[in-house]
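# Observations on the model geometry
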Amino acid sequence: MAAYLRLVAATARTSGPPVVQGQAIFAIWHESNLVACTANFRLRAEKRVISFSTRGFRGIVMNTMLESMGSGVVALPEEGNRAEAARLALEMARIGREGSSLVVSCDGPLGPYRVAKPGVLIVARESGIPIHPWGVSIRPALRLNGRWDRHLVPLPFCRLRVDEGQPIRIAPREPLKPRLAELQAALEAVAALADRRMAPRQRVG
């Protein structure tokens, strides 16, 4: 899988503004995991990012793929274990304070689809690193509609575009609940922007 994504990254035709090259927390929808991994590898000089990953066979596959591409993972607990999830968010923040960039699928690991959860806000508050919402669009788009996240699979020689929203900064000890709606709106807006700018132009006349 890592070799496949390297092939996609090498052959994709990219467009859009430059993406941030410094340390950041990249916030994405879960559907964009593979596409964002490809975009990071293609568009950023520093390839290494740390992300959350599920356990079990699927997690093993994803962990191996990410490590083969120079990245790392923090394994998530079983769904519903909020105390452990909060602890791991703090662990991710610690890794960020040591200098790594991070990526968080804000509606993962099991949805609901495109409903942001507060995990990325915890990581940002405790690490001091700004959140950069990423909207990633590809054409042609291969969607796995049988999955809860309608996952996007990038194809070799695809068109690939990343748009970034304005950075979101969370102050130490800041309450997170009021910022969750802001995160939700930012992710929706930047995803719509990337899709709109990727859409083919309509001929006039």
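What counts, and at which threshold
All residue numbers here refer to positions counted from 1 along the written sequence of the relevant chain. Since the coordinates come from a predicted model, pLDDT governs what is reported: local features require at least 70, and pairs of side-chain atoms require 80 or more to be given and counted, while whole-chain, interface and lining totals use all residues. Side-chain descriptors were evaluated using all non-hydrogen atoms of the structure, hydrogens and water having been removed beforehand. Note on classification: 1.4 Å probe, protein chains only; a residue is buried when its accessible area is under 20% of the maximum for its type, exposed when over 50%, partly exposed between these limits. Numbering of helices and strands runs from the N terminus, with a helix taken as a DSSP run of H or I at least four residues long and a strand as a DSSP run of E at least two residues long. What makes two strands pair is DSSP finding at least two bridges between them. Every crossover in which the path from the first strand over the helix to the second runs clockwise, viewed with the strands pointing away from the viewer, is termed right-handed. Axis definition: a line fitted to C-alpha atoms, over the contacting stretch in the case of helices. Angles run 0 to 180 degrees between N-to-C directions. Contact between two residues is taken to exist if any of their heavy atoms lie within 4.5 Å; hydrogens are not considered. Take a side-chain nitrogen of Lys or Arg and a carboxyl oxygen of Asp or Glu: if they are within 4 Å of each other, that pair is a salt bridge. To define a nonpolar core, start from buried Ala, Val, Leu, Ile, Met, Phe, Trp, Tyr and Cys residues and group those joined through side-chain atoms within 4.5 Å.

## Remarks on the pairing of strand β3 (residues 49-53)
β3 sits mainly inside the fold: five of its five residues count as buried. Every second residue of β3 is oriented toward a common face, with V49, S51 and S53 on one face and I50 and F52 on the other, all of them buried. Two elements, β3 and strand β5 (residues 101-105), share three bridges in a ladder whose sense is parallel. The partner of I50 across the bridge, within β5, is L102. Strand direction decides the pairing type here: β3 and strand β4 (residues 72-75), joined by four bridges, are parallel. Across the sheet, residue S53 finds its bridge partner in β4, namely A75. A crossover links β3 with its parallel partner β4, the connecting element being helix α3 (residues 56-68), and its sense is right-handed.

## Quick notes on the environment of P156
Its location among the elements puts P156 in the loop between β8 (151-153) and β9 (159-164). Separated by 149 residues in sequence, P156 and L7 place their C-alpha atoms 6.6 Å apart.

## What to know about the sheet that holds strand β1 (residues 13-15)
One open sheet holds the seven strands; their spatial order is β1-β9-β6-β2-β5-β3-β4, and the pairing between them is mixed. Both edges of this open sheet fall to β1 and β4, since each of them pairs with a single strand only. If you compare each strand with its neighbour and ignore which way they point, the axes differ by 30 degrees on average. Along the sheet face, helix α4 (residues 82-97) touches β3, β4 and β5 and points at about 170 degrees away from the line of β3. Where helix α6 (residues 177-198) meets the sheet, it contacts β2 (25-28), β6 (131-139) and β9, and its direction lies at approximately 30 degrees from that of β6.

## Section: the pattern of salt bridges
In the structure shown here, the tally under the stated rule is eleven salt bridges. Residue E91 pairs with R94 through a salt bridge whose shortest N-O separation is 2.6 Å. Of this pair, E91 and R94 both sit in helix α4, three residues apart, roughly one helical turn. A relative accessible area of 32% places R94 in the partly exposed class.

## What to know about the nonpolar core
Formed by 30 residues in total, the largest nonpolar core has its most connected members in I25, L102, C106, V120, I131 and L183. Where this core is concerned, the elements lending two or more residues are β2, β3, α4, β5, α5 (119-127) and α6. Excluding its chain neighbours within four sequence positions, the residues that come into contact with L183 are A27, C106, A116, K117, V120, L121 and I168. One finds V8, W134, L152 and V162 within the second-largest nonpolar core, a separate group that totals 18 residues.

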